[in-house]
Each structure stands twice: as C-alpha cells, then as structure tokens.
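Here are the chains, one letter per residue:
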Amino acid sequence: MYTGLPDADLASRIAAGDREAEAEMCRRMGPRIRLYGLRHLRSSSAADDLVQQVLLKILEALRNARLREADKLAHFVLGTCRMTVLDLRRSSQRHEELLAIYGADLAPAIFPAPTLADRQLARCVQALNERERSVVVMTFYDDRTGAETALALGTSEANIRVIRHRAIQQLRVCMGAAS
Amino acid sequence: MTAASGGIECPSPIESAVLMDYWLAMLSSSAEEAVEQHLMMCDECGDRLRESIALAEGLRSLARSGSLQVVITEQFLGHVSQTGLRVREYAPPRGGSVQCTVAADDDLLVARLAVDLTSASRVDLSWCDLGGMELQRMADIPIRADSGGVICQQSITWAKASPTSIMIARLVAVDDEGDERVLGEYTFNHTRTIPGPPG
C-alpha cells in the first residue's frame, strides 16, 4: 500500500505512529543499507548487522520526530550508515588485535572450487589479452589498488584503469553471451 | 530514480565502470560521496551494483583458485604467499632445465624465468613441446624492463591433471617489424605424482 509513497511522506507517517509505514521504510532502505555495508565492511554478516543497527536508529529517530527535513530521509540514512560503520570499526579494533596475536594459529582460508558459472568466467578471463588478464587477477585477488598494480607492472595508474575498464567490459559481454 | 518505489527508471544511471570502481574503492572521495547518495535513493543502480559485486566476487574466487594461466609480479607473488596459499615455484636457469611436479595440496604453480628484458619492448611467452613445436603463445605479456625476468602462473588445475611430460618455455622479443629473437629457453621436466588418470 505504501510502496509508491515518497520518502518524506513515509517519515511523516512514521512520526505519527504508522507501523505499516515503518515496515515500508525498512523494506525500502534495508537493501540500500546492506549494499553500503558490503562495500565498507566487506562481509555479508557484518552488512546484515549494519542493516539492523541502522534501521533501529532510524526508526527511533523517526518515531521521535527527530528528522527535521522529512524529504532528507535518504541523506539521514546515509549519514547514520557512516557513523555506525565508524562505531563498528572501533569496536572491531580489539578483535583485530587478538587476530594479530593468534591469527597464525588459525587455518588458512579455504576457497570453494569453481562452479559451472565460474568455469564460464574462467573461459572469459582466459580469453582476455595478457595485460588485461594480469591486471584483472592482481586487482581482484585481494582488492589491490590501481596504484599498487601500476607500480608492480611498471605502468601508470591511469593506464591500469583503462586496461581494467576494458577488461571488465569484455567480461560482461562474454558472460552475457555465455549465459 | 526510484526514491519512493520500484518500477521508475533511473534518469541518470551510474556507469557500470564507475560502480565497479566504487566497489574496488578506487574512486575519489567526492565521487564516492556522489555515488553513495545516489545509491541511497536508487534501487535500479543498486541492482546494477549487485551485478558488479557478483562479477568481482567471481573474479576474486577465480584469481585465488590458481586455475588461470597469467603473468604476475614479484610483489603480487609475495602477497599471495602471505595470504596462506601454498605456492610451488620452479626456476630453471636460462638455457637449462628443472625436474618438477605438483602435489594435491598445492594452491599455486609458478615458473620463474630469469632473463634480461632491458632490450625488449614486446615479449611473447611461447610454450612448446619437446620437439620445439609451439603449443601456445602468450602474446605481448606485461613486463618490467628492470625486473630481471618473468613470473608466469601456470594453471594448477591443468598441472594436476597433466601426465608426465616435457614442456619448453621460450621468451621471445618481437620488434616493430614482427621479427623475433629468443631471449631465453627453459625446460620443465614434469613428473606426475598425483594418482589417477590424466585429465
């Protein structure tokens, strides 16, 4: 019922105690918050935690009519995402310290064997030219920066960006043709 | 833009290349800010970002599987070793040979080909059989003139399934006219040690 309702109206209705508007706000913002979490926390479970924490804060703020400009709901959610990620990083610092002490005793990560779709992707990657394949592997292995890859290959960061963009475009086309 | 609901087409969709750069954290802070504001109001671009993430995750998994044949760098190899993967390296001398194999628990297989690259602008890596017949050519591989050699990751999947055989790697300089000059030749005497039929 509230699917087409603008953000500003949703915020106003939530302030008035409308539970259905709250549900729509969660349905609408939850996936967006999760994407933000995936990008900044690099973990599905951490992104799920972020969704819960941010939605709780937003709901509390909206119920108490603390959002002054109702049409700025998306900006408010984004700002709350940023603050919450900062909090999560601070609290995970202790966890990182423990990992630094005991991490060597932990088993190395086990990566899953390629599936059929992965084999298609492998064929597409193998079809790239040598420079493109090197850049793709070194970039995506562990999210290496363009500067690191450029330094390693003895070329410019701008050149690496061009090669990467061209390779990704070819992979999209190749995967589209394969599927 | 779908600020309120699905079904409305985004009037200013973010380019796929920009979305991938966003995922890779390769945008400037101002560009990243603009993308995040857009994504917080646009489910259509959010869906496209999910597609980019799926591709990136597939590529990451593939890069870590060791199944690709690809030229890599010393820095990258050092980083891979630090991530806990088991790397098997062979470094035959230029003009020489090496006995080699691959074990079931190896994650990455790497050939180190030492050579002076300072006089070459384009280099091909040619893989030949014992008779010198070229089986595969990796054309115009990425090189650094000051690196003193080439590091080639061989597909671990292929190597584990390979029968006992001899492979010769040739580094070939190619000039602007297409004339070729062999920079180095390296022989790999591969012995299969993993039981089972060859792939």
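Calculation rules
Residues numbered from 1 in each chain as written. Chains lettered and ligands numbered in written order. Predicted model: local features only at pLDDT ≥ 70, side-chain atom pairs only at ≥ 80, totals over all residues. Helix = DSSP H or I, 4+ residues; strand = E, 2+ residues; numbered from the N terminus. Buried ≥ 20, exposed ≤ 12 C-beta atoms within 10 Å, placed from the backbone. Contact = placed C-beta atoms within 7 Å. Rg over C-alpha atoms; globule rule 2.2 N^0.38 Å. Expected span 1.5 Å × (residues − 1). Arc of directions from axis to C-beta. Pairing = 2+ DSSP bridges. Axes fitted to C-alpha atoms, helices over the stretch in contact; angles between N-to-C directions. Core = buried A, V, L, I, M, F, W, Y, C linked by C-beta atoms within 7 Å. pLDDT = per-residue confidence, 0-100. Nonpolar A, V, L, I, M, F, W, Y, C, P; charged D, E, K, R; others polar. Parallel < 35°, antiparallel > 145°, perpendicular 65-115°, else oblique. Left-handed = near helix turned anticlockwise from the far one by under 90°.

The subject of this paragraph is the overall build of chain A. Looking only at helices and strands, chain A has 8 helices and 0 strands in total. The linear arrangement of helices and strands in chain A, starting from the amino end, is α-α-α-α-α-α-α-α. Here chain A, with 179 residues, has 34% of them falling under the buried criterion. Within chain A, contacts between residues at least 6 apart in sequence are counted, and of these 51% link residues at least 24 apart.

Once that is clear, we can look at the overall build of chain B. Check the secondary structure of chain B and you find 5 helices and 9 strands. Ordering the α and β elements of chain B from the N terminus gives α-α-α-β-α-β-β-β-β-β-β-α-β-β. Here the C-alpha radius of gyration of chain B, 22 Å, is well above what a compact globule of 199 residues would show, namely 16 Å. Structurally, chain B occupies a C-alpha span of about 65 × 45 × 30 Å along its principal axes. In chain B, which comprises 199 residues, the share counted as buried stands at 33%. Residue pairs in contact within chain B that sit at least 24 positions apart in sequence constitute 63% of those at least 6 positions apart.

Residue and element names in this part refer to chain A. Taking 1.5 Å per residue as the helical rise, helix 3 (residues 44-63) with its 20 residues ought to reach 28 Å, and the 28 Å between its terminal C-alpha atoms agrees with that figure. Considered for burial, the residues of helix 3 that qualify are Leu50, Val51, Val54, Ile58 and Leu62. The buried residues of helix 3 all sit within an arc of 105° when viewed along its axis, so they share a single face. Opposite the buried face of helix 3, at more than 90 degrees from it, the exposed residues are Ser45 and Glu60.

Let us look at the sheet that holds strand 7 (residues 149-154) of chain B. Across a sheet, paired strands are connected by hydrogen bonds in the backbone, their directions being either parallel or antiparallel. All names here are of chain B. Taken in spatial order, the 4 strands make up an open sheet running 1-7-4-2, and their pairing is mixed. If you trace the sheet from one side to the other, it starts and ends with strand 1 (70-72) and strand 2 (87-90), each paired once. Neighbour-to-neighbour, the strand axes of the sheet open up by a mean angle of 30°, direction not taken into account. For strand 4 (residues 108-114) and strand 7, the ladder comprises 6 bridges, and the chain directions are antiparallel. Considered in strand 7, the bridge of Leu113 is made with Val150. Helix 4 (residues 74-82) contacts strand 1, strand 2, strand 4 and strand 7 of the sheet and is inclined by roughly 145° relative to strand 2.

What follows covers helix 2 (residues 29-39) of chain B. Those residues of helix 2 of chain B that sit buried are Val35, Glu36 and Leu39 of chain B. One side of helix 2 of chain B holds all its buried residues, which, seen down the axis, span an arc of 95°.

Grouped together as the largest cluster of nonpolar side chains are 84 residues, with contacts concentrated most on Ile33, Val77, Val125, Val136 and Val137 of chain A together with Leu113 and Val150 of chain B. When sequence neighbours within four positions are dropped, the list of residues in contact with Val136 of chain A reads Val125, Leu128 and Ala167 of chain A together with Leu59 of chain B.

Residues and elements named next belong to chain B. If you walk across this open sheet you meet the 5 strands as 3-9-8-5-6, and the pairing is mixed. Strands with a single pairing partner mark the edges of an open sheet, and in this sheet they are strand 3 (97-100) and strand 6 (134-138). Taken over all neighbouring pairs, the strand axes of this sheet differ in orientation by 25° on average, direction set aside. Of the pairings in the sheet, the one linking strand 5 (residues 122-128) to strand 6 comprises 4 bridges and is antiparallel in character. Bridge pairing links Trp127 to Gln136 in strand 6.

All names here are of chain B. For chain B, the average pLDDT comes to 92, and 94% of its residues sit at 70 or higher. Confidence drops under pLDDT 50 across residues 2-6; counting only partners more than four residues distant or on other chains, this segment forms 15 contacts. Prediction confidence for the complex, expressed as pTM and ipTM, is 0.85 and 0.89 respectively.

So, on to the interface of chain B and chain A. On the side of chain A, 46 residues touch chain B, which itself brings 46 residues to the contact. Among the elements of the structure, helix 1 (16-23), helix 2, helix 3 (43-65), strand 1 and helix 4 of chain B are those that each provide at least two residues to the side of chain B that touches chain A. Taken together, the residues of the side of chain B that touches chain A break down into 28 nonpolar, 13 polar and 5 charged.

Another aspect to go through is the packing of helix 1 of chain B against helix 3 of chain B. All names here are of chain B. The interhelical angle for the contact between helix 1 and helix 3, taken along N-to-C directions, is 60°, at an axis separation of 9 Å. Accordingly, the angle class assigned to the pair helix 1 and helix 3 is oblique. Like other packed secondary-structure pairs, helix 1 and helix 3 cross with a definite hand, here right-handed. Note on element contacts: helix 3 touches helix 1 through Arg48, Leu49, Ser52, Ile53 and Ala56, opposite Ser16, Leu19, Met20 and Trp23. In the contact of helix 1 with helix 3, the residues fall into 6 nonpolar, 2 polar and 1 charged.

Further remarks concern unusual backbone geometry. All names here are of chain A. Residues other than glycine seldom take positive phi values, yet Arg42 does so here, at roughly 55°. Along the chain, Arg42 turns up in the loop between helix 2 (19-41) and helix 3. Of note, Ala65 is a non-glycine position whose phi angle comes to about 55°, a positive value. With respect to the helices and strands, the residue Ala65 is situated in the loop between helix 3 and helix 4 (73-102). Judged by C-beta crowding, with 13 C-beta atoms within 10 Å, Ala65 ranks as partly exposed.

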